[in-house]
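# Analysis of the macromolecular model
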Amino acid sequence: MKKSRAAVGNRSGRRKQASSQEGKEKCAFGSSQAKPSAPSACAGTIPEFSETPAGPARQQKALLQASVSSYHLFRDVAEVTALQESLLDWYDRKKRDLPWRRLVEGEVDLDRRAYAVWVAEVMLQQTQVATVINYYTRWMQKWPTLQDLASASLEEVNQLWAGLGYYSRGRWLQEGARKVVEELGGHMPRTAETLQQFLPGVGRYTAGAIASIAFGQAAGVVDGNVIRVLCRVRAIGADSSSTLVSQHLWSLAQQLVDPARPGDFNQAAMEGAIVCTPRPLCSHCPVQNLCRARQRVEREQLSASQSLPGNCDVEECAPNTGQCPLCAPPTEPWDQTLGVTNFPRKASRKPPREECSAICVLEQPKALGGAHILLVQRPNSGLLAGLWEFPSVSVNAEASGQHQRAALLQELQSWVGPLPDTRLQHLGQVVHTFSHIKMTYQVYSLALEEHTPVTIVPPAARWLTREDFHTAAVSTAMKKVFRMYEGQQPGTCKGSKRSQVATLSKRKKPSPGQQVLESFFWPHVPTDAPSLNTAAQ
């Protein structure tokens, strides 16, 4: 009865003892890391990537080092040690109490430690800490070990992950757990290099985080938050996504990581990002005395007050030849109003492509056991792979309502057979933005009031009660669609949140206080976003 589904739209000696002290090597923020199949902006020509020839990588690295001013470097051990000590002292006093940290602190089994860090880092990709906490707690309660996750079904994983976004992350975790159990006897790879090579969806950042926090390997890490910190500390104004700049940032991160406390240091660098935010709190920064961006602000302020540009004793970049590859280009001059947020320069983002879909909530109000709604499963690859959704069909945004109804009715009939078209009602539209797609859903409903109950459907479809829907493996977009549907039902308050889905874009901007709160829970920004976005959620 059912044709094949089409996708709707085709992320100093401070060594700790092996005790609770070492357990403080815990994960603060994560970053999006998808294992690259080819050099990306983040990977550049870093020799660690097996896909990149070592010869050209060394040549580019040598060229970069030769052309970079010492202004953008840490020039001696004393300066590196000062930063390490300042940052770690601050971290020991200010670090947040987070469930993954508590779990790692009390775990002596290295494989379980690594698993706990791995889950946290993957969940924190592109997702705020406040959102992750509940998901992480429920995940670890349900699957406390690699073996537990390996024996779970993808349906179970998607169900628990529902609402967290970037659903391929959950699938990668389960696939990785099965690989570790089946091929390595349940023992996690012990180095950043082998973690990245073996685990699906694990890139250079995530591998370094696991290796440093769980195994004590002195591996530097660079995520979006660390990029922001390093660019300000060393006044790097060039495009941070470029190969040369990315390569330099990874080199700095590796130089700075404390070999005595690598996990703590990496977490401290990421924890420091809650101070060094897009709206920074410089007066609270533990390394403000080492920050080139702050020194640049002071120099500019002093120059302006004396009306004598460049007449103050503050170090500046002085490249050996030509334009410094780590400074902002002449076309992007210093903006006095931005202060330290001149670093890093904001990269231009490609707007998401716009797509349109007609979607229908098909309900049997008089089904046995109460009203049931129809859900169908998406393909096992691509956008929202394996999740459940209401029957839908891609349509041209300019198509007439009549064309949309005809296409949608044909789609519905392919699942449940002949249906009356006179009861197909248009409820409104829901707009949901995925990582690279802005999807507009034209929402319809159809109630089979007097229709013969449908009890037999293809394997990729199921009838669920409304209660079951809320616990099913469905995306946030589907929950928005269902809220609109519920808002049109008798007895539902029209002024409630459920009836406001179509006007989300009209909401007021957050207050300054709310903006500060949001910056505290700033989500991770990927350093290899293209890999995640190819499986956008």
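Description of the structure in this document.

What counts and what doesn't
Residues numbered from 1 in each chain as written. Predicted model: local features only at pLDDT ≥ 70, side-chain atom pairs only at ≥ 80, totals over all residues. Heavy atoms only, no water. Buried < 20%, exposed > 50% of the residue type's maximum accessible area, 1.4 Å probe, protein only. Helix = DSSP H or I, 4+ residues; strand = E, 2+ residues; numbered from the N terminus. Arc of directions from axis to C-beta. Contact = heavy atoms within 4.5 Å. Core = buried A, V, L, I, M, F, W, Y, C linked by side-chain atoms within 4.5 Å. Salt bridge = Lys/Arg side-chain N within 4 Å of Asp/Glu carboxyl O. Axes fitted to C-alpha atoms, helices over the stretch in contact; angles between N-to-C directions. Parallel < 35°, antiparallel > 145°, perpendicular 65-115°, else oblique. Left-handed = near helix turned anticlockwise from the far one by under 90°. Nonpolar A, V, L, I, M, F, W, Y, C, P; charged D, E, K, R; others polar. Polar contact = N/O pair within 3.5 Å; in protein donor to acceptor, adjacent residues only side chain to side chain.

## So, helix H7 (residues 154-161)
- Taken as a whole, H7 has its buried residues at Val157, Asn158, Leu160 and Trp161. Taken end-on, H7 shows its buried residues confined to a sector of 165 degrees, consistent with a single buried face.
- Buried positions along H7 lie against helix H4 (110-123), helix H5 (129-142), helix H6 (146-150) and helix H8 (168-184).
- Looking at the residues trailing H7, positive phi occurs at Gly163, about 100 degrees.

## Looking at the nonpolar core
- Core analysis: the biggest nonpolar cluster contains 111 residues, and Trp118, Trp139, Phe390 and Tyr441 have the highest contact counts within it.
- For this core, the element with the highest residue contribution is H4, accounting for nine residues.
- In this view, Trp139 contacts Tyr115, Val119, Met123, Leu149, Val157, Leu160, Trp161 and Leu173; residues no more than four positions away in its chain are not counted.

## Some points on the pattern of salt bridges
- In total, this model carries 17 salt bridges according to the counting rule given.
- Here Asp97 ties to Arg102 by a salt bridge, and the two come within 3.0 Å at their closest N and O atoms.
- A relative accessible area of 58% means that Asp97 is categorised as exposed.
- Arg299 is the salt-bridge partner of Glu300, the closest N and O atoms lying 3.6 Å from each other. Each member of the pair, Glu300 together with Arg299, is buried.
- Salt bridges here are not isolated pairs; linked through shared partners, they connect Asp92, Arg261 and Asp264.

## Focus: the packing of H7 against H8
- Contact geometry of H7 with H8 gives a least axis separation of 9 Å together with a crossing angle of 140 degrees. Between H7 and H8, the interaxial angle falls into the category oblique. As for the relative orientation of H7 and H8, their crossing is right-handed in sense. On the side of H7, the interface is formed by Leu154, Val157 and Trp161, while H8 contributes Arg169, Gly170, Arg171, Leu173 and Gln174.
- Residue composition of the contact of H7 with H8, by class: four nonpolar, two polar and two charged.

## Some thoughts on the side chain of Arg345
- Tracing the sequence through the fold places Arg345 in the loop between helix H14 (292-306) and strand E1 (353-364).
- For Arg345, the side chain forms a polar contact with the main-chain oxygen of Glu332, separated by 3.1 Å.
- Of the polar contacts made by the side chain of Arg345, one reaches the backbone oxygen of Asn342; its length is 3.4 Å.
- With sequence-adjacent residues up to four places away left out, Arg345 is seen in contact with Gly237, Ala328, Glu332, Pro333 and Trp334.

## Describing the side chain of Glu79
- Tracing the backbone through its elements, the reader meets Glu79 in helix H2 (residues 77-94).
- On the basis of relative accessibility, which here comes to 13%, the residue Glu79 falls in the buried class.
- Side chain to side chain, Glu79 and Arg234 meet in a polar contact 3.3 Å long.
- Discounting chain neighbours no more than four positions away, the residues touching Glu79 are Leu73, Phe74, Arg234, Leu290 and Arg292.

In short, geometric facts, not functional conclusions.
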